[in-house]
Amino acid sequence: MATTVGTQPTWYLFRNSGEARPRASLRTNVITTVLSVWFTLGLFLDAYAHANFPQLETFFTPWHAVFYSGFAATAGWVLWTVWAHVQQGRRGIAAVPAGYGMTMVALPVFAVSGGVDLVWHEVIGIETTTDIFFSPSHLGLIGSMIVILTSPLRAAWADPQLPPRPSLRALLPAVLTLSFAASLVLLFLTYSNALLSSSRGIVEMFSTAGGGGAGSLAGRIVVTNIVLLAPLLLIARRWHLPAGTATIGYAIAALISATLNGFERLAVPLAIVAAGILVDLLARWLRPRADRRAAYWGFGAAAAVVTWAVYLGVASAAEGALPAIVEFWTGMPIIAGLLGWSLAALMLPNPITVGEPACSERAATTSG
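Residues numbered from 1 in each chain as written. Predicted model: local features only at pLDDT ≥ 70, side-chain atom pairs only at ≥ 80, totals over all residues. Heavy atoms only, no water.

(A) Spatial organisation of the overall build of the chain. When you go through the chain residue by residue, the secondary structure sums to 14 helices and two strands. A total of 368 residues make up the chain; the buried ones form 53% of that total. At a minimum sequence separation of 6, the contacts of the chain that also span at least 24 residues come to 78%. Roughly 15600 Å² of accessible area belongs to the chain as shown, and the carbon and sulfur atoms make up 68% of that amount. (Helix = DSSP H or I, 4+ residues; strand = E, 2+ residues; numbered from the N terminus. Buried < 20%, exposed > 50% of the residue type's maximum accessible area, 1.4 Å probe, protein only. Contact = heavy atoms within 4.5 Å. Areas by Shrake-Rupley, 256 points an atom, 1.4 Å probe, with all protein chains shown as cover.)

Written out as structure tokens, the structure reads:
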């Protein structure tokens, strides 16, 4: 049941098992998003340094300072927000805004993982190759970071005031933080990120049947396809997909890939941004949402086909030639489309009334 708290008409309460949860205000989510961008860009800067200045490897670096100061600012803001509710007389979970419950768990996990990372590097050394993405301390950092980043998404999911067809402005904190979280997944899947391939590499790998190059590129496309599509399908399952959502998500994914490449190979990142614009137009035409299962499934398939057709087309145009093996460059977008359709079917096996499950009182109260 929604009600007001004191003189704060925008802080609504959600009740679950007798405990009240305040609604996270737009201001809270916007500030969390801004600080999270600082937090995430610090990690991007660190990734750029790892990729381009391996001779400077040490734990105490300027880019680590940006990264950990971003965490400190984000953690400070979240804790201050909770403390403001404590001062109003709330206790325990009742002082934590809906959507921020998991964040309160992730903050100490990140802090502990950071301490473990320092000890790990002092004892074992600094990872400089693919092993960096398998370090337990790094996995603890990235996992907790994704939970912290997506706080505005969970808060929006639990917000009964958001209409089924929100504007991009209203949903921007959720869209941005989800997109940054997806880019972090791509960062830690660098060895399977198709956006890191050069135009020449794409054409050459799909021009030879032997040697494993074609299979390697196909595997990267499969993984990257899932990471790009999943956020769009998640948002479309809860709301009408706001115009610009795909462009934002694809552009942030392109940014992390360009960062890791030292901004030297821009054809593929720019192709992904262009694909995001086309996917937004596709969403406007198909109108995928939870009560339109056929459109939702069709969007999952068509968005994947468009994305990887543009990817292969731009790479070929940049090199002035199509890959020599026709089956590879004609069949890969179709495979991606089938996988997109399968992902959409898994996320929405049955049509549901738009907004009904997520806007219900129970869904709002149980959202972390």
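(B) Quick peek at the packing of helix α4 (residues 136-149) against helix α6 (residues 168-188). Two numbers describe how α4 lies on α6: the axes approach to 9 Å, and their chain directions differ by 165°. Judged on the interaxial angle alone, α6 and α4 are roughly antiparallel. Like other packed secondary-structure pairs, α4 and α6 cross with a definite hand, here left-handed. Where α4 approaches α6, its residues H138, L139, I142, M145, I146 and L149 are matched on the opposing element by T177, F180, A181, L184, V185 and F188. In terms of residue class, the contact of α4 with α6 is built from 10 nonpolar, two polar and no charged. (Axes fitted to C-alpha atoms, helices over the stretch in contact; angles between N-to-C directions. Parallel < 35°, antiparallel > 145°, perpendicular 65-115°, else oblique. Left-handed = near helix turned anticlockwise from the far one by under 90°. Nonpolar A, V, L, I, M, F, W, Y, C, P; charged D, E, K, R; others polar.)

(C) Region of interest: unusual backbone geometry. Residue R287 is not a glycine yet carries a positive backbone phi of 55°. Relative to the helices and strands, R287 resides in the loop between α10 (267-286) and α11 (293-319). Judged by relative accessible area, R287 falls into the partly exposed class, the value being 40%.

(D) Examining the pattern of salt bridges more closely. Per the stated rule, a full pass over the model turns up three salt bridges. Put simply, E319 and R200 hold a salt bridge, and the shortest N to O gap is 3.7 Å. Here the residue E319 occupies a position in helix α11, and R200 occupies one in helix α7 (residues 199-205), the gap between them amounting to 119 residues. Residue R289 pairs with D291 through a salt bridge whose shortest N-O separation is 2.6 Å. Residue R289 is classed as buried on the basis of its relative accessible area of 14%. (Salt bridge = Lys/Arg side-chain N within 4 Å of Asp/Glu carboxyl O.)

(E) Expanded view of the packing of aromatic side chains. Tallying each qualifying case throughout the model produces 12 aromatic pairs. For the pair F39 and F110, a centre-to-centre distance of 5.3 Å together with 75° between the ring planes defines the contact as edge-to-face. Within this pair, whereas F39 is found in helix α1 (residues 26-52), its partner F110 is found in helix α3 (residues 101-123), the two being separated by 71 residues in sequence. Judged by relative accessible area, which is 0%, F110 ranks as buried. (Phe/Tyr/Trp six-rings, centres within 6.5 Å; stacked < 30°, edge-to-face > 60°.)

(F) Summary view of the nonpolar core. Counting 90 residues, the largest nonpolar core has F110, F299 and Y311 as the members making the most contacts within it. Residues within four places of Y311 in sequence aside, it is in contact with A194, L195, S197, I202, L217, I221, V268 and I272. (Core = buried A, V, L, I, M, F, W, Y, C linked by side-chain atoms within 4.5 Å.)

(G) Just α6, in detail. Relative to the 30 Å expected for 21 residues at 1.5 Å per residue, α6 spans 28 Å between its end C-alpha atoms, a close match to the ideal helical length. Along α6, the helix axis deviates most sharply at A174, where the bend reaches about 35°. Among the 21 residues of α6, 15 are classified as buried, and the element is accordingly described as predominantly covered. (Expected span 1.5 Å × (residues − 1). Bend = angle between axes of the 7 residues up to and from the residue.)

(H) Here's a closer look at a nonpolar patch on the surface. Taken together, L41, L255, F263, L266 and L270 make up a surface patch of nonpolar side chains, about 440 Å² in accessible area. Classification of L266 by relative accessible area gives partly exposed; the value is 38%. (Patch = residues over 30% accessible without salt bridge, like charges linked within 9 Å, V, L, I, M, F, W, Y side chains within 5 Å.)

(I) How the structure looks around the side chain of T28. Relative to the elements of secondary structure, T28 occurs in helix α1. Non-local contacts of T28, meaning those with residues more than four positions away in its chain, are made with W77, T81 and Y100.

(J) Structural context of the confidence of the model for the chain. Looking at the chain, pLDDT values average 84 and 84% of them are 70 or higher. Below pLDDT 50 for its whole length, residues 1-18 participates in 44 contacts with residues either more than four positions away or in separate chains. Taken as a whole, residues 355-366 scores under 50 in pLDDT and shows 21 contacts with residues more than four places along the chain or in a different chain. (pLDDT = per-residue confidence, 0-100.)

(K) Looking closely at the packing of α11 against helix α12 (residues 326-347). It is the contact of α11 with α12, at a shortest axis distance of 7 Å, that shows an interaxial angle of 150°. As far as their axial angle goes, α12 and α11 are roughly antiparallel. The chirality of how α11 crosses α12 is right-handed. Residues Y296, W297, G300, A301, A304, V305, W308, A309 and L312 of α11 lie in contact with α12, whose contacting residues are W329, M332, P333, A336, G337, G340, W341, A344, A345 and M347. Considering only residue class, the contact of α11 with α12 consists of 16 nonpolar, three polar and no charged.

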